[in-house]
Amino acid sequence: MLLEIRHVTQYHYERPVRESLMELWMQPQKTARQRLVSFELDLEPAAQVFSYADSFGNAVYHFDVPQPHDKLTIVARSAVETEPPPERPDHLDMGEWDRMRSEFVRGECFDFLRPHGFVRTTEALQTFVDEHDIDALKRKDPLTAVRTLSETIYGAFEYQPGVTDADSPIDLALSAGRGVCQDFAHIMLAVCRGWGVPARYVSGYLFTDREAGDRSDPDATHAWVEVFLPSLRWVGFDPTNNMMAGERHVAVAVGRDYGDVTPSRGVYKGDAESQLAVGVSVRRARAAMAEPEFLRMARPNFAGGRRRPTAVREDVHQQQQQQQQQQQQR
């Protein structure tokens, strides 16, 4: 499947800021089943872009806008050709649990076996596990257990943007019974790691198909989970849409949790409030791509009277997933 992706991010500032420094995790991965045909970044104001690979092998772009500006626009365009994953067996033998406990697997997947950031065992998570008898799944083989876990999370939560934020702990979604893909991925990661199953967070995009039952937002980035099964290597599960990751999923970056792979983050210098707007379009190649709605909106109005006590401020920009259509004010 050949897909075109357009990811537009705009930061609006109440008044001109003196400088912005940004890092971006927006380039799709190059893998055996995912070929990156093209990737380009357009920045306004223009800036020189540099890149490096982070500790997980993700492509990271960074730049500095050293002159005054009241708006920063980042447009990432990608063309990606994806292939269906190899056919998976219905189940594995029970010896897979022992293979996951090997020193080799534990060493290679050390980062994806430990609690980190949003991925932690909490009282609310333990209550959820007990109520749904989730630990009983460990009596099944690992592939069946993880697949059933994904189905359980899908059935237990309603998809609803706006209930949680980018920095919300899993307890908020657990208590509300609602959330977005980021929340569901973090909950699934916490359970898998508690079982001793290596699991990592995947950020990317989904070519949404409503007829197939997809419930995630087509105009936002997406997130899912990959678990390491020694017999199959990394296998993707999408608890938001109750399916395994396939050719409609475009992986951008992997990490321990969302905090490792935020699509954009950085700081700016200046005495001004900021607002964020994001638009994502994933289409089949050569299909018409509509301009994101927020680009046709009037300039945002900033509430007056709120000022910081210092003349220079450094604020962290952090994109939200699934709630990305909402404006964020710091």
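Rules used in this analysis
- Sequence order as written defines the numbering, with residues in each chain counted from 1.
- Totals for whole chains, interfaces and linings use every residue, but because this is a predicted model, local features are given only for residues with pLDDT of at least 70 and side-chain atom pairs only at 80 or more, for both listing and counting.
- Water and hydrogen atoms were dropped before computing side-chain values, which therefore reflect all heavy atoms in the structure.
- Between N-to-C directions, angles span 0 to 180 degrees; the directions come from axes that are lines fitted to C-alpha atoms, helices contributing only their stretch in contact.
- Only DSSP runs of H or I covering at least 4 residues are called helices, and only runs of E covering at least 2 are called strands; the numbering of each starts at the N terminus.
- When describing relative orientation, an angle under 35 degrees is termed roughly parallel and one over 145 degrees roughly antiparallel, while 65 to 115 degrees is termed roughly perpendicular and anything else oblique.
- Residues count as neighbours in contact if any of their non-hydrogen atoms are within 4.5 Å of one another.
- Only Asp, Glu, Lys and Arg are considered charged, only Ala, Val, Leu, Ile, Met, Phe, Trp, Tyr, Cys and Pro nonpolar, and every remaining residue, Gly among them, polar.
- Here's how the labels work: a residue is buried when its accessible area is under 20% of the maximum for its type, exposed when over 50%, partly exposed in between, all with a 1.4 Å probe on protein chains only.
- Between any two strands, pairing holds if DSSP finds at least two bridges.
- For every residue, the predictor reports its confidence as pLDDT, a number between 0 and 100.
- Patch members must show over 30% relative accessible area and no salt bridge, and they are joined within 9 Å when carrying like charges or within 5 Å when they are nonpolar side chains of Val, Leu, Ile, Met, Phe, Trp or Tyr.
- To be clear on the numbers: accessible area is Shrake-Rupley with a 1.4 Å probe, and residue cover counts the displayed protein chains and nothing else.
- Salt bridge, as used here, is a side-chain nitrogen of Lys or Arg placed within 4 Å of a carboxyl oxygen of Asp or Glu.
- Charge counting follows a simple rule: Lys and Arg are positive, Asp and Glu are negative, and His as well as the terminal groups are ignored.
- Lysine's charge is taken at NZ, arginine's at CZ, aspartate's at CG and glutamate's at CD.
- Nine residue types can take part in a nonpolar core, namely buried Ala, Val, Leu, Ile, Met, Phe, Trp, Tyr and Cys, and a core is a set of them joined through side-chain atoms within 4.5 Å.

## Quick notes on the packing of helix 3 (residues 123-131) against helix 6 (residues 181-195)
Inference 1: Two elements in contact, helix 3 and helix 6, have axes whose closest approach is 11 Å; the angle formed by their N-to-C orientations is 75°. By the angle between their directions, the pair helix 3 and helix 6 is classed as roughly perpendicular. Contact residues: helix 3 offers L125, F128 and V129, while helix 6 offers I187, A190 and V191.
Inference 2: Class assignment of the residues belonging to the contact of helix 3 with helix 6 gives a composition of 6 nonpolar, no polar and no charged.

## Points about the pairing of strand 14 (residues 264-269)
Inference 1: Of the two faces of strand 14, the one lined by S264, G266 and Y268 is fully buried and the one lined by R265, V267 and K269 carries no buried residue.
Inference 2: The sheet contact formed by strand 2 (residues 19-24) and strand 14 spans 6 bridges and is antiparallel. Considered in strand 14, the bridge of L21 is made with V267.

## Concerning the confidence of the model for the chain
Inference 1: Chain-level pLDDT for the chain is 89 on average; 87% of the residues reach the 70-or-more range.
Inference 2: Counting interchain partners and residues more than four positions distant, the pLDDT-below-50 stretch residues 306-316 has 31 contacts.

## Structural notes on the pairing of strand 6 (residues 69-82)
Inference 1: With respect to burial, strand 6 is a largely interior element, 10 of its 14 residues being buried.
Inference 2: Relative to strand 6, strand 1 (residues 2-17) runs antiparallel, the two sharing 12 bridges. If you follow L3 over to strand 6, its bridge partner there is V80.
Inference 3: Examined bridge by bridge, strand 3 (residues 34-44) and strand 6 share 10 bridges and lie antiparallel to one another. Looking at the pairing, L43 lines up with I74 of strand 6.

## Here we look at a negative patch on the surface
Inference 1: There is a patch of like negative charges on the surface, built from D130, E131, D133 and D135.
Inference 2: With respect to the element layout, E131 can be found in helix 3.
Inference 3: By relative accessible area, which is 61% here, E131 ends up exposed.

## Details of unusual backbone geometry
Inference 1: Cis geometry is adopted by the peptide bond preceding P45, which originates at E44 and carries an omega value of 0°.
Inference 2: Positive phi, close to 50°, is recorded for D133, a residue that is not glycine.
Inference 3: Of note, N242 is a non-glycine position whose phi angle comes to about 55°, a positive value.
Inference 4: By the secondary structure assignment, N242 is in the loop between strand 11 (233-238) and strand 12 (243-244).
Inference 5: N242 gets classed as partly exposed once you look at its relative accessible area, which sits at 35%.

## Points about the nonpolar core
Inference 1: In terms of nonpolar packing, the biggest core is built from 77 residues, with I74, L125, L149, I187, W195 and V227 touching the most fellow members.
Inference 2: In terms of residues, this core owes the most to one element, helix 6, which gives 10 residues.
Inference 3: In contact with L149, not counting residues within four places along its chain, are I134, L137, M188, V191, C192 and W195.
Inference 4: Listed in part, the 5 residues of the second largest apolar core include V202, A245, A251 and V254.

## Points about the side chain of S78
Inference 1: Along the chain, S78 falls in strand 6.
Inference 2: Taking relative accessible area as the criterion, S78 reaches 6% and is therefore assigned buried.
Inference 3: In this structure, S78 is in contact with L3, E4, I5, M26, P28, S38 and F39, ignoring residues within four places of it in sequence.

## Re the pattern of salt bridges
Inference 1: By the definition in use, this model includes 12 salt bridges.
Inference 2: Put simply, R200 and E226 hold a salt bridge, and the shortest N to O gap is 2.7 Å. On the criterion of sequence distance, the pair formed by R200 in strand 9 (residues 199-206) and E226 in strand 10 (residues 222-229) is long-range, its members being 26 residues apart.

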